[in-house]
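Topology and contacts: notes
Spelled out from the first residue to the last, the chains are:
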Amino acid sequence: MKNVRVRFCPSPTGVPHVGNIRTALFNWVWARHNNGTFIFRIEDTDIERDSEESYNLLLEALKWLNIDWDEGVEVGGPDAPYRQSERYNIYKEVVQKLLDAGFAYESFSTPDEIKQRNKENGRPEQFGYDGFDRNTTKEQKATFLKEGRKPVIRIKMPDHDITFTDLIRGKITFKAGSVPDYVIVRGNGHPLYTLVNPVDDALMGVNCVLRGEDILSSTPRQIVLYKYLKDIGVNKNEGDGVPEFGHLPYVMGEGNKKLSKRDPSSNLFLYKDEGFLPDAFTNYLALLGWAIAPDRDIFSVKELIESFDIKDVNPSSARFDYKKALAINSEHIRALKIDDLIKYTIPYLYRDKIISANNFSNLQDGEKLILQKAIPLVQERIQTLSQASSMLEFLFVNSEQLQISDDAKKQLKDDFRSIIDISYKLLENINSWDTDTLHNELFSNLVEKAGFKPKIAFTPLRVAISGKRVSPPLFESMEILGKNETLKRLLKLKEIDV
RNA sequence: GCUCCCAUCGUCUAGCGGCCUAGGACGCCGGCUUCUCAUGCCGGUAACACGGGUUCAAAUCCCGUUGGGAGUACCA
């Protein structure tokens, strides 16, 4: 098998987008599956919109999902630099060669003139450029330059059909004449994406291009350029120099629209902040357009890499379903070993000011102990890591700080004080303070002897202990809090106004 | 307008001519378990867009229609 060389080449604008990152993921997985090379290049030729902040967010995004790269920004490589803003000399040279070979030409027509000509010839406005300047003579050129015109540079498109085999969609043919001669360099000398993307892929020997289907229709013109680049000797790829293409289906948002940058749910960091596990999010992303088996959809990154085949990717677009993503995340959380779950949860608890440090070893001993006992209690109850904060907060405050929610107060029936009384007297005299004893004693006294229904008996205790209507298991929570604190909380509830 | 892509339950998908009275997952609705909430287990709901072919046989192949989407920039 040939050495697969794929790349991810975003332009650093805005915050990392779920659809974009899915593209990065599929490239990365395909590289790893084939023991190939994953290149990370930055396409920052749009001075207006690109930002350094956005670049850093891109790094952070890939780091979060554990997507690493073999060549590219930060790590370097044989084809450095990997930021296009640092490669202008290269492009300048390539353009000159294309011009010399007659594959590209200077075009002096202004947009208005093109529009005007289309109108005069009865062509629709969207027809685009008409090839008018292909044969500009030296004299005409001199006149134009004297007029102060600055030409753009266009690629000469051939007049035959262009066919390629898409890895995901099969054979695709574009009719001759459907793609006009397109601009590769602006009038001000600034190279455009249309040039730099194929040029860098050619120079870096990228032989497999996996990208969103939104650029499917620009593939024919790129194919032409790859061939020209091969002819002028700036294309490392074998054969005619054209890489393989695979156009990934869209990730859709609400309605039938591509998940847009404006849609808040497209922001990758939303999921990080909510506490999606990186592997779980990767799992879900991979499910958008691909399946590991007919009857399974939970898998590890390792399994993904082993099983992934770009040819199995579904060509139709997929909707991002938050609830399904949540369900996948929940399953991953439940499958975690306790120590790992603690490790993953700590940053969120720290962020929410529940605990005092950002990693386990810097925590106070008491906090460590609580976490080790409490995390198993919430493992089956949280769907995201950040949910642990609100669920566990009551274990990290004292009885004075504990808030009793209105929702919890509503659960209290008239006789709750007597239940608290009985419980208090009972618990006061318990010496072995563990879950089983607490359960047995409270159950036999409140339910069996006093005749309360379990739900009636334990609700006031739950409210007293957790301050909430819903909490982790009651007796376990009491054990973690300890006798002293538990009794204080019972007293506190007794004196509350409802 | 022109070019190109897409089409199985509400959603993500399995299916690549017979194993399909279409399988799984999420969601939703019931039930059981139960100290709340979850988990777990059991059950239910629900789809091949339409019309023509090809074939002994079509969700699967071909054509058309309809519907969705993208491109048609001196953005990427």
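In what follows, the accompanying structure is described.

How each quantity is defined
- Residues numbered from 1 in each chain as written.
- Chains lettered and ligands numbered in written order.
- Predicted model: local features only at pLDDT ≥ 70, side-chain atom pairs only at ≥ 80, totals over all residues.
- Heavy atoms only, no water.
- Salt bridge = Lys/Arg side-chain N within 4 Å of Asp/Glu carboxyl O.
- Helix = DSSP H or I, 4+ residues; strand = E, 2+ residues; numbered from the N terminus.
- Buried < 20%, exposed > 50% of the residue type's maximum accessible area, 1.4 Å probe, protein only.
- Pairing = 2+ DSSP bridges.
- Axes fitted to C-alpha atoms, helices over the stretch in contact; angles between N-to-C directions.
- 1 Å grid on protein atoms, 1.4 Å probe; cavity = no way out; pocket = protein on both sides within 12 Å on 5 of 7 lines; lining within 4 Å.
- Points joined across faces, edges and corners; volume = space filled by probe spheres on them.
- Nonpolar A, V, L, I, M, F, W, Y, C, P; charged D, E, K, R; others polar.
- Expected span 1.5 Å × (residues − 1).
- Arc of directions from axis to C-beta.
- Contact = heavy atoms within 4.5 Å.
- Core = buried A, V, L, I, M, F, W, Y, C linked by side-chain atoms within 4.5 Å.
- Polar contact = N/O pair within 3.5 Å; in protein donor to acceptor, adjacent residues only side chain to side chain.
- Parallel < 35°, antiparallel > 145°, perpendicular 65-115°, else oblique.
- Left-handed = near helix turned anticlockwise from the far one by under 90°.
- Near = heavy atom within 4 Å.

Tallied over the entire structure, the rule returns 31 salt bridges. The shortest N-O distance in the salt bridge between Asp79 and Lys236 comes to 2.6 Å. Of this pair, Asp79 sits in the loop between strand S3 (71-72) and helix H3 (88-101) while Lys236 sits in the loop between helix H7 (219-231) and strand S10 (244-248), and the two are 157 residues apart along the sequence. Residue classification places Asp79 among the buried residues on the basis of a relative accessible area of 10%. A residue is classified by how much of its surface remains accessible, and Lys236, at 52% relative accessible area, is exposed. For Glu113, the salt bridge goes to Arg149, with nearest N and O atoms at 2.6 Å. Of the two residues, Glu113 sits in helix H4 (residues 111-120) while Arg149 sits in the loop between helix H5 (138-146) and strand S5 (152-155), which places them 36 residues apart along the sequence. Of the residues examined, Glu113 reaches a relative accessible area of 27% and is grouped as partly exposed. Salt bridges sharing common partners tie together Arg7, Arg41, Glu43, Arg87, Asp200 and Asp201.

With antiparallel pairing, three strands are arranged side by side in an open sheet as S4-S5-S8. The open sheet terminates on both sides in strands that have one partner only, identified here as strand S4 (104-107) and strand S8 (183-185). Between one strand axis and the next, the sheet turns through 45 degrees on average, direction left out of account.

Its volume calculated, the largest pocket comes out at about 970 Å³. Considering the residues around the largest pocket, the lining is formed by 39 residues, among which Pro10, Ser11, Asn20, Asp214 and Ile215 are closest to the centre. If you list the elements that add at least two residues to the lining of the largest pocket, you get strand S1 (5-8), helix H1 (18-33), helix H2 (52-64), helix H6 (193-203) and strand S9 (208-212). Counting residues per element, the lining of the largest pocket draws most heavily on H1, which supplies five residues. Of the residues that constitute the lining of the largest pocket, the class distribution is 14 nonpolar, 13 polar and twelve charged. Estimated volume of the second largest pocket: approximately 390 Å³. Those elements that provide at least two residues to the lining of the second largest pocket are H2, helix H9 (278-287) and helix H12 (338-351).

The next subject is empty space enclosed by the protein. The final tally for this structure, using the stated rule, is one cavity of 30 Å³ or more. Taken together, Met157, Pro158, His160, Asp161, Ile162, Phe174, Lys175, Ala176, Gly177, Ser178, Val179 and Pro220 make up the full set of residues lining the largest cavity. Among the residues forming the lining of the largest cavity, the class breakdown is seven nonpolar, three polar and two charged.

An ideal rise of 1.5 Å per residue puts 18 Å on 13 residues; helix H16 (residues 416-428) measures up with 18 Å between its terminal C-alpha atoms. Every buried residue belonging to H16 is among Phe416, Ile419, Ile420, Ser423, Leu426 and Leu427, and all of these are buried. Seen along its axis, H16 keeps its buried residues to an arc of 135 degrees; they face one direction. The inward-facing, buried residues of H16 contact helix H17 (435-449), helix H18 (454-466), helix H19 (474-481) and helix H20 (483-494).

Read across the open sheet, the three strands follow the order S1-S2-S3; overall the sheet is parallel. Each having just a single partner strand, S1 and S3 make up the two edges of the open sheet. Pairing of S1 with strand S2 (residues 37-40) involves four bridges; the strand directions are parallel. When the bridges of S2 are listed, Arg5 appears paired with Thr37.

Leu98, Ile155, Leu195, Phe281 and Phe320 are the most contacted members of the largest nonpolar core, which totals 94 residues. Of the residues forming this core, the biggest block, nine residues, is contributed by H1. Those residues in contact with Ile155, other than ones at most four positions away along the chain, are Leu98, Phe103, Ala104, Tyr105, Asp181, Tyr182, Ile184, Val224, Leu225 and Tyr228. Listed in part, the 57 residues of the second largest apolar core include Leu336, Leu474, Leu487 and Leu490.

Summarising the element assignment, His332 is placed in helix H11 (residues 322-335). Residue classification places His332 among the buried residues on the basis of a relative accessible area of 12%. Sequence separation between His332 and Gln401 is 69 residues, and the spatial gap between their C-alpha atoms is 33 Å. Leave out the neighbours within four places in its chain, and His332 touches Leu277, Asp279, Ala280, Asn283, Ile298 and Phe299. Side chain to side chain, His332 and Asn283 meet in a polar contact 2.7 Å long.

Take the packing of H17 against H18 next. Each pair of packed helices can be described by the angle between their axes along with the distance between the axes. Contact geometry for H17 and H18: axes closest at 9 Å, N-to-C directions at 120 degrees. Judged on the interaxial angle alone, H18 and H17 are oblique. Crossing of H17 against H18: the hand is right-handed. Contacts from Leu442, Phe443, Leu446 and Val447 of H17 reach H18 at Pro454, Ala457, Phe458 and Leu461. When grouped by side-chain class, the residues that make up the contact of H17 with H18 number eight nonpolar, no polar and no charged.

Another point: the packing of H16 against H17. Close contact between H16 and H17 brings their axes to 11 Å; oriented N to C, the two are set at 135 degrees. It follows that H16 is oblique to H17 by the angle criterion. In this structure, the crossing between H16 and H17 has a hand that is right-handed. Contacts from Ile419, Ile422, Ser423, Leu426 and Leu427 in H16 reach Leu438, Glu441, Leu442, Asn445 and Leu446 in H17. A class-by-class count of the residues in the contact of H16 with H17 yields seven nonpolar, two polar and one charged.

On to the protein's contact with RNA strand B. Looking at RNA strand B, there are 60 residues lining it, with Asp46, Arg169, Leu192, Glu380 and Arg462 nearest. When the atoms of RNA strand B within 4 Å of the protein are grouped by moiety, sugar and phosphate amount to 72% of the total. Here Tyr250 contributes a side-chain N or O atom positioned 3.4 Å from a sugar or linking oxygen of RNA strand B. Within the backbone of Glu380, an N or O atom sits 2.3 Å from a sugar or linking oxygen of RNA strand B. Residue assignment for the surface near RNA strand B shows that the elements contributing at least two residues are S5, strand S7 (170-174), strand S12 (318-319), H11, H18 and H19. Element by element, the count of residues in the surface near RNA strand B is highest for H11, at four residues.

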